[in-house]
Amino acid sequence: MSPSAVVDLVLPGQEPAASHVKSASHSSGHTNGCTNGYINGHANGHANGHTNGHAHGTKCPKGFKRAEFHLNRNIKEAFPVVIGGKGNHLQLADGRTIFDASSGAAVSCLGHGNTRINDAISAQLSTGTPYLCSSFWSSKMAEDLCEELINGTEGKMSRAYLTGSGSEAMEASIKLARQYYYLKDPDTPRVNVIAREGSYHGNTIGALGVSGHIARRAPYEPFLMNVHRVSACNAYRQRLDGESDASFVARKSAELEAKFQELGPETVIGFVCEPVVGAALGCVPCVPGYLRAMRDVCHKHGALFILDEVMSGMGRCGTLHAWQDEGVAPDLQTIGKGLAGGYQPIAAVLISKRVVNALLNSSGQFVHGQTYQGMPVQAAAALEVQKVKREENLIENVRIQGAYLEKLLKARLSDHPNVGDIRGKGLFWGLEFVRDKATKEPFDPKLGIAQQVYNTAISAPFNMTTYPGTGTVDGTAGDHVILAPTYICTSEDIDHIVNVVVGVVNQVFQNL
């Protein structure tokens, strides 16, 4: 594996970083009321009286910034200022070098400062057409990207619809699914969508309506579409003693079938799920056989099988598409984070022949559209990212390093009394924390365990990112963190990640 070139970054008055961890001259913890971490939308604070917000009227330490004009995730919070990036590392204004073990929000799959991708973006910018209105013009760059994406499905999908974010992709999927039946019969009774508890599909109104993420839904419940739910596929918390995969899947299949019957099979548009649940549950993969069983129920009743791979797809789990592990292709699929690796904001819907043919046999028009869809500059970045993955055999590296990460995490943390479960696929792994390992009882949400882990990890001397989440058990209680390193990581990087995680976990729980 030869990782793609990255920009050499040297800060003014500083030598290039020589190691993963660099000591800081400034405090990295709660200094003068400022915190290190970002707020993931639902952390409830820390133990020992600290809060996630910034105290009013206090001065931030050097290298931190509280936004004055930008309405960011939390306007009371001061965030560390990033001034550059190289490979697996981020350079902060306070002088620290941070190892990015979460790829942001599982986005920066090829790391930071990749010259090939930057050059591809520059080349498209130099044409004078970073943007084209998709209502009037065609773009060869967008068409080339879509061809690349469809080829990656080995013919299982037929077309790609380009959007600007994962939320937009889910919105488009829901509308396209409804239009699929509307084209056949404008009076179609198919109006119901089935999704899962403990899921997250995006933050726009339609996508959030499909999501089963209680905390993120709460302020907007009166606005959200009525989506029907079945339970998640969470073997750690749902499997009965001695229950086999086949028996567990049979229970899940029966539950989905019962929901179809409750609603009336002829009224169901489709079933939406994540092959590996990301932010909501912390890298919970479905058990073998689950996707096929769910698809069979959908197709039995003429409904669509819709997969959300915004977080788990595009190589993150060791195959280009998570469904390829078992060869269970969906009717519609969303992809996003690993599509352009953060170099441009772009996502997509992959569409099966079944759905495309419904359009071809009618007006040919998808009654939907957004200003910044299919921009050539977005497509240029995404296409180059896909070429880098393929030409440098990086998805194979995901499988190799992912297996090593699994081995080390389980060897070193399986016996920890507060690590309840270690689960994931490829380079997408979650740790779920529990108060009692025997009963799987979660911690009191007021303790903010996941945020404590994040804040400790991002602080000196650890200087590493993780991705925290709460509500893992019931939407309110439960804590997890996600590890999602870059596809260019090496075994030495995995050693470092696990060493840091072990040190952080030990420190957090020793100090409770």
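Values in this document were obtained by computation on a predicted structure and should not be read as measured data.

1. Things to note about the sheet that holds strand β3 (residues 82-86)
As a general point, the strands of a sheet are linked pairwise by backbone hydrogen bonds and lie either parallel or antiparallel.
Alright, step 1. Strands sit in the order β3-β4-β5 across an open sheet of 3 strands; the sheet is antiparallel. In the strand order of this sheet, the two ends are held by β3 and β5 (97-99), each with one partner. On average, each strand axis in the sheet is inclined to that of its neighbour by 25°, with strand direction left out of account.
Alright, step 2. As judged from the 3 bridges shared by strand β4 (residues 89-92) and β5, these two strands associate in the antiparallel manner. For His-89, the partnering residue across the bridge sits in β5 and is Phe-99.

2. Focus on the layout of surface pockets
Alright, step 1. What the second largest pocket holds in volume is close to 900 Å³.
Alright, step 2. Those elements that place two or more of their residues in the lining of the second largest pocket are α3 (140-151), β6 (159-163) and α11 (353-360).
Alright, step 3. At 5 residues, α3 tops the list of elements feeding residues into the lining of the second largest pocket.
Alright, step 4. When the residues that make up the lining of the second largest pocket are grouped by side-chain class, the tally is 14 nonpolar, 11 polar and 3 charged.

3. Considerations on the packing of aromatic side chains
Alright, step 1. For the structure on display, the rule yields 5 aromatic pairs.
Alright, step 2. Ring plane angle 70° and centroid distance 6.1 Å describe the contact between Tyr-131 and Tyr-372, whose orientation is recorded as edge-to-face. With Tyr-131 in the loop between α2 (115-126) and α3 and Tyr-372 in the loop between α11 and α12 (376-391), this pair connects stretches of sequence that are 241 residues apart.
Alright, step 3. Owing to a relative accessible area of 54%, Tyr-372 belongs among the exposed residues under this scheme.
Alright, step 4. When the centroid spacing of 4.8 Å and the interplanar angle of 80° are considered together, the rings of Tyr-180 and Tyr-181 count as edge-to-face. You'll find Tyr-180 and Tyr-181 in the same group, each marked buried.
Alright, step 5. Three or more aromatic residues joined by ring pairs form one cluster here, namely Phe-433, Phe-443 and Phe-509.
Alright, step 6. Taking the ring centre of Phe-248 as reference, the NZ or CZ of Arg-239 above it sits at 5.5 Å.
Alright, step 7. Between Lys-440 and the ring centre of Tyr-236, over which it is positioned, the NZ or CZ distance is 4.4 Å.

Rules used throughout
- Residues numbered from 1 in each chain as written.
- Predicted model: local features only at pLDDT ≥ 70, side-chain atom pairs only at ≥ 80, totals over all residues.
- Heavy atoms only, no water.
- Pairing = 2+ DSSP bridges.
- Helix = DSSP H or I, 4+ residues; strand = E, 2+ residues; numbered from the N terminus.
- Axes fitted to C-alpha atoms, helices over the stretch in contact; angles between N-to-C directions.
- 1 Å grid on protein atoms, 1.4 Å probe; cavity = no way out; pocket = protein on both sides within 12 Å on 5 of 7 lines; lining within 4 Å.
- Points joined across faces, edges and corners; volume = space filled by probe spheres on them.
- Nonpolar A, V, L, I, M, F, W, Y, C, P; charged D, E, K, R; others polar.
- Phe/Tyr/Trp six-rings, centres within 6.5 Å; stacked < 30°, edge-to-face > 60°.
- Buried < 20%, exposed > 50% of the residue type's maximum accessible area, 1.4 Å probe, protein only.
- Lys NZ or Arg CZ within 6 Å of the ring centre and 35° of its normal.

Interpretation in functional terms is not warranted from these geometric data alone.
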